[in-house]
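Structural overview for review
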Amino acid sequence: MINYDLKKIKALVFDVDGVLSAETIYLHPNGEPMRTVNIKDGYALQLAVKCGLHVAIITGGNTEAVRKRYEGLGIKDVYLAAAVKTREYAHLKEKYGLQDEEILYMGDDIPDYEVMRLCGLPCCPADAAPEIKETAVYISHRNGGYGCARDVVEQVLKAQGKWMAHERAFGW
């Protein structure tokens, strides 16, 4: 269980490599990195969007496949080639008028460290780097690419009374 007032979370921000995809990347013969995705993570992310949370991706990677995947789930804020992730984080805060304590960020490695120190709820997968685990308020029981995003999204939506609220999310 996440030890935080999840009712105040308005935005969920995720790194890709090592969080939304496993830490191993296959290389296409043309040199482009190919990532795996977790279907249950994807379901949870699109549900969070439909339930009114701001969901964003901030990644150092720069492939069109990543943009297509997450925009296809309804995520409007996909930041690729983020060399200094605090810039994109600040842009996201300003764009939506968010406070740090309203933002959950999930990262797994050193490029995520500074953003995790800024956000209200820093989270990481079970297989994150030791420095990131020390910074995290919550360490998922799931590894990156294997449901860690689903874990945190589900906890936030349940705390906010939005998990399994299909009538509101889908108009059923």
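Before any of the text, the structure's been laid out above.
Residues numbered from 1 in each chain as written. Predicted model: local features only at pLDDT ≥ 70, side-chain atom pairs only at ≥ 80, totals over all residues. Heavy atoms only, no water.

Remarks on the sheet that holds strand β5 (residues 77-79)
The sheet built from six strands is open, its strands ordered β5-β4-β1-β6-β7-β8 with parallel pairing. Both edges of this open sheet fall to β5 and β8 (138-139), since each of them pairs with a single strand only. (Pairing = 2+ DSSP bridges. Helix = DSSP H or I, 4+ residues; strand = E, 2+ residues; numbered from the N terminus.)

Some remarks on the nonpolar core
Core analysis: the largest hydrophobic core is formed by 34 residues, its most contacted members being Leu 12, Phe 14 and Tyr 70. Listing elements by their share of this core, those giving two or more residues are β1 (11-14), α1 (39-50), β4 (54-58), α2 (64-72), β6 (103-106), β7 (121-124) and α6 (148-159). If one sorts the elements of this core by residue count, α6 sits on top with six residues. Every residue in contact with Tyr 70, bar those within four places of it in the chain, is listed here: Val 16, Leu 20, Val 37, Leu 45, Ile 57, Ile 75 and Val 78. Among the nonpolar cores identified, the runner-up in size contains 19 residues, and Tyr 79, Leu 98, Val 115 and Cys 124 belong to it. (Core = buried A, V, L, I, M, F, W, Y, C linked by side-chain atoms within 4.5 Å. Buried < 20%, exposed > 50% of the residue type's maximum accessible area, 1.4 Å probe, protein only. Contact = heavy atoms within 4.5 Å.)

Quick word on helix α3 (residues 85-96)
Here α3 spans 17 Å end to end across twelve residues, near enough to the 16 Å set by a 1.5 Å rise per residue. Looking at α3, one finds that the buried residues are Lys 85, Glu 88, Tyr 89 and Leu 92. Angular distribution of buried residues about the axis of α3 spans 105°; they occupy a single face of the element. Pointing more than 90 degrees away from the buried face of α3 are the exposed residues Arg 87 and Glu 94. Packing partners of the buried residues in α3 comprise β1, β4, β5, β6 and α4 (113-118). (Expected span 1.5 Å × (residues − 1). Arc of directions from axis to C-beta.)

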